[in-house]
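In case you want the letters, here they are:
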Amino acid sequence: MAMGAGRPRWVHSPPPLSSSPSSSFTADPPPEFLCPISGTLMADPVVVPPGQTFERACIQACAALAFSPPAVAADLSGDPGSSPSSPLVLVPNVALRTAILNWCDRLALPHPAPLSPDTARDIVRRLMPLQEEQRSSKLNPPRPQVATSVRVRRQSAAAAEDVVQEPTRTGGSLEEEIMAVLGADGVSPAELAAAMASLRQATRENREVRRQLCTPRLLAALRPMLLSADAGVQANAAAAVVNLSLEPENKVQIVRSGAVSPLVDVLRGGNPEARDHAAGAMYSLAVEDENRAAIGVLGAIPPLLELFASAGAGHRARREAGMALYHVSLSGMNRSKVARAPGAVRTLLAAAEARDRGSEADAAALRRLAVMILANLAGCADGRAALMDGGAVAAVVRLMRSGAAPPGSAEEEYCISALYGMSRGSLRFRGLARAAGVEAALQPVAEGDGGVRRDMARRTLRAMRGEDDEAAVAAAGLLGRQWDDGSVVSEGLVSIRRPPHRSNYAGPSGSNTTQF
């Protein structure tokens, strides 16, 4: 949403936690459980177009006070008290509310209480600029200064497609120049393509430019460019989003701007180059913990699975789709979505067992990603059921016996983690494991040197024999690092499972994503 002159500006500093009933909580909740407006645990989370979740009372207070956070597609910034041009649609985020309540129950904390309308209005008023600043902004709207090496300039009708390249300059405003093109009447596809190409080039070259250009106004202007029927406009816009997302501080802002929904549309039906860039953008955005729930809710999982399975797509596009799925499935809220997606387990198992004589290194990279995602799915009940329905027990054993998951490798540890996850509390696993030969595959690991893979192998074998004792093992701390979702990895793979918060994490297969 473009934030025009005179509208209140979004202020990122949250109010003191004492303003909410949830301030008595002593545990640190996951970031996605906190309202972006109040900064406190949500009691009644609702999703607003284009996908950001807020506490209901807070977003209603924003509408009442004509204050427009950048995540809201509907224009709330009219005169206070007036009706907006279109009603604000609030969709209860039932999955997130359930996750919050389960988190509170697990820690024996009281459930958060909904904010009263008066409290919510007080919070929003503290975020709004002073009236003097509003009046000043109406008279003298700020013009951001952005250094760049490319300039797009509207000319007369006789030279409407003129693009002038200049040496790098330290002043000027590429944002203003691009917005002038995008907002002009009768702009041609060639001019739009030139503007997007300029943005792509500028964001590729300079980190500071990426930080300065990641504004609510420019991000809102990029959304329709992602849906353009012109292949050049769409591809350059998607590449610009990838480049902007390379900066850790930009990742959450891009998701809050509503960019995920058009990126999903590009994944589903965009031109091939734009689709590949959209996969890279999803991967880069999913690295950030706070973005994962929104990416799953907004429908990115099915098209990412389709791209990951597509033999006709390029290796880089498939790899980045797989990395996006891996990071998205680190969120417990998304694992059931992946497991329930039609054909998901079949797709992942096919990739895990695929061979490519022409490029075995590429096939091995995709196999590793598939096994990583399978191990994540084994951390939830829906995932365990889907894996066993899809024949994952026998498939994982085949990987270990065939050498696709060599002894001592990360692939082997993920295979063992998937078997261990499927074994937890499942009588059905025992029969499937015996038929697949799990004991023969795990016995050498269980008899080997110490480490988490040996302990997982022993635990899995004990589960097969009906000797499992979850409480005793947890008390003894045999398995090292165990996450809230129940999945287990060794200390050596902790950096893969849980990257630092808001880091430009590279992941196990290389860089975060590629500059385009």
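Predicted model, so just to flag it, every value in this text is computed and none were measured. (Residues numbered from 1 in each chain as written. Predicted model: local features only at pLDDT ≥ 70, side-chain atom pairs only at ≥ 80, totals over all residues. Heavy atoms only, no water.)

With that out of the way, let us pick up the overall build of the protein. Looking only at helices and strands, the protein features 26 helices and 7 strands. Burial status across the protein gives 54% buried among its 516 residues. Only carbon and sulfur atoms are counted for the fraction: they give 52% of the accessible area of the protein, which is about 21400 Å². (Helix = DSSP H or I, 4+ residues; strand = E, 2+ residues; numbered from the N terminus. Buried < 20%, exposed > 50% of the residue type's maximum accessible area, 1.4 Å probe, protein only. Areas by Shrake-Rupley, 256 points an atom, 1.4 Å probe, with all protein chains shown as cover.)

On to helix H23 (residues 438–446), then. Looking at H23, one finds that the buried residues are Val438, Ala441, Leu442, Val445 and Ala446. Angularly, the buried residues of H23 cover 130° about the axis, an arc narrow enough to put them on a single face. Exposed side of H23, more than 90 degrees from the buried face: Ala440 and Pro444 are the residues found there. Buried-residue contacts for H23 involve helix H20 (392–402), helix H21 (410–423), helix H22 (427–436) and helix H24 (452–464). (Arc of directions from axis to C-beta. Contact = heavy atoms within 4.5 Å.)

Overall, antiparallel pairing links the 3 strands, which are arranged E2-E1-E3 in an open sheet. Two strands in the sheet have a free side with no partner beyond their single neighbour: strand E2 (52–55) and strand E3 (91–92). Of the pairings in the sheet, the one linking strand E1 (residues 45–48) to E2 comprises 4 bridges and is antiparallel in character. From the neighbouring strand, Pro45 faces E2, where its bridge partner is Glu55. Those strands touched by helix H1 (residues 56–64) are E1, E2 and E3, and its axis lies near 95° from that of E2. (Pairing = 2+ DSSP bridges. Axes fitted to C-alpha atoms, helices over the stretch in contact; angles between N-to-C directions.)

So, about the pattern of salt bridges. Pairing between side chains becomes possible if they bear opposite charge and their charged atoms approach one another. Applying the stated criterion to the full structure yields 23 salt bridges. Across the salt bridge formed by Arg211 and Glu247, the nearest N and O atoms sit 3.6 Å from each other. Separated by 36 residues along the polypeptide, Arg211 in helix H7 (residues 207–213) and Glu247 in the loop between helix H9 (231–245) and helix H10 (248–256) bring together distant segments of the chain. Judged by its relative accessible area of 1%, Glu247 is buried. One continuous salt-bridge network, built from bridges that share partners, spans Arg207, Glu208, Arg210, Arg211, Glu247 and Glu249. (Salt bridge = Lys/Arg side-chain N within 4 Å of Asp/Glu carboxyl O.)

Turning next to the pairing of E1. Residues of E1 alternate between two faces, with Pro45 and Val47 on one and Val46 and Val48 on the opposite face, all of them buried. Of the strand pairs in this sheet, E1 and E3 are connected by 2 bridges, and their pairing is antiparallel. Of the residues in E3, the one forming a bridge with Val47 is Val91.

Following both chains from N to C, one finds helix H8 (residues 216–226) and H9 inclined at 140°, their axes separated by 8 Å at the closest point. Classified by the angle between their axes, H8 and H9 sit oblique to one another. At the point where H8 passes H9, the crossing takes the left-handed sense. Of H9, the residues touching H8 (which contributes Leu219, Leu222, Met225 and Leu226) are Val233, Gln234, Ala237, Ala238, Val241 and Leu244. Of the residues assigned to the contact of H8 with H9, the class counts are 9 nonpolar, 1 polar and no charged. (Parallel < 35°, antiparallel > 145°, perpendicular 65-115°, else oblique. Left-handed = near helix turned anticlockwise from the far one by under 90°. Nonpolar A, V, L, I, M, F, W, Y, C, P; charged D, E, K, R; others polar.)

This part is about helix H5 (residues 174–182). For H5, the tally of buried residues reaches 8 of 9 residues, placing the bulk of the element in the interior. If you check which residues of H5 are buried, you get Leu174, Glu175, Glu176, Glu177, Ile178, Met179, Val181 and Leu182.

Position of Ala317 among the secondary structure elements: in helix H15 (residues 315–328). Look at Ala317 and you get buried, because its relative accessible area is 5%. Ala317 sits 39 residues away from Ala278 along the chain, and the two C-alpha atoms are 8.9 Å apart. If sequence neighbours within four positions are ignored, Ala317 has contacts with Asp276, Ala279 and Leu307.

This brings us to the packing of H23 against H24. Direction vectors running N to C along H23 and H24 enclose 140°, while the axes themselves pass 8 Å from each other. As summarised for this structure, H23 and H24 are arranged oblique, according to the angle between their axes. H23 and H24 meet at a crossing whose hand is left-handed. Note on element contacts: H24 touches H23 through Arg453, Arg454, Ala457, Arg458, Thr460, Leu461 and Met464, opposite Val438, Glu439, Leu442, Gln443, Val445 and Ala446. The residue inventory of the contact of H23 with H24, partitioned by class, reads 7 nonpolar, 2 polar and 4 charged.

Confidence in the prediction of the protein, expressed as mean pLDDT, is 76, and 72% of residues score 70 or more. Low pLDDT, under 50, characterises residues 79–85; the predicted model gives this stretch 6 contacts beyond four residues in sequence or across chains. In the predicted structure, residues 130–172 sits below a pLDDT of 50 and forms 63 contacts with residues beyond four places in sequence or in another chain. (pLDDT = per-residue confidence, 0-100.)

So, about the environment of Glu353. For Glu353, the position within the fold is in the loop between helix H17 (344–352) and helix H18 (360–377). Once residues lying within four places of it in the same chain are set aside, the contact partners of Glu353 are Arg367, Ala395, Arg398 and Leu399. Polar side-chain contacts of Glu353 include one of 2.8 Å to the side chain of Arg398. (Polar contact = N/O pair within 3.5 Å; in protein donor to acceptor, adjacent residues only side chain to side chain.)

The next point concerns the nonpolar core. Membership of the largest hydrophobic core comes to 112 residues, with the highest contact counts inside it found for Met196, Met282, Phe308, Leu419 and Val438. Excluding residues within four positions of it along the chain, Met196 makes contact with Ile178, Leu182, Leu222, Met225, Val233, Asn236 and Ala237. If you look at the next biggest cluster of nonpolar residues, it comprises 29 residues, including Met42, Cys62, Leu65 and Cys104. (Core = buried A, V, L, I, M, F, W, Y, C linked by side-chain atoms within 4.5 Å.)

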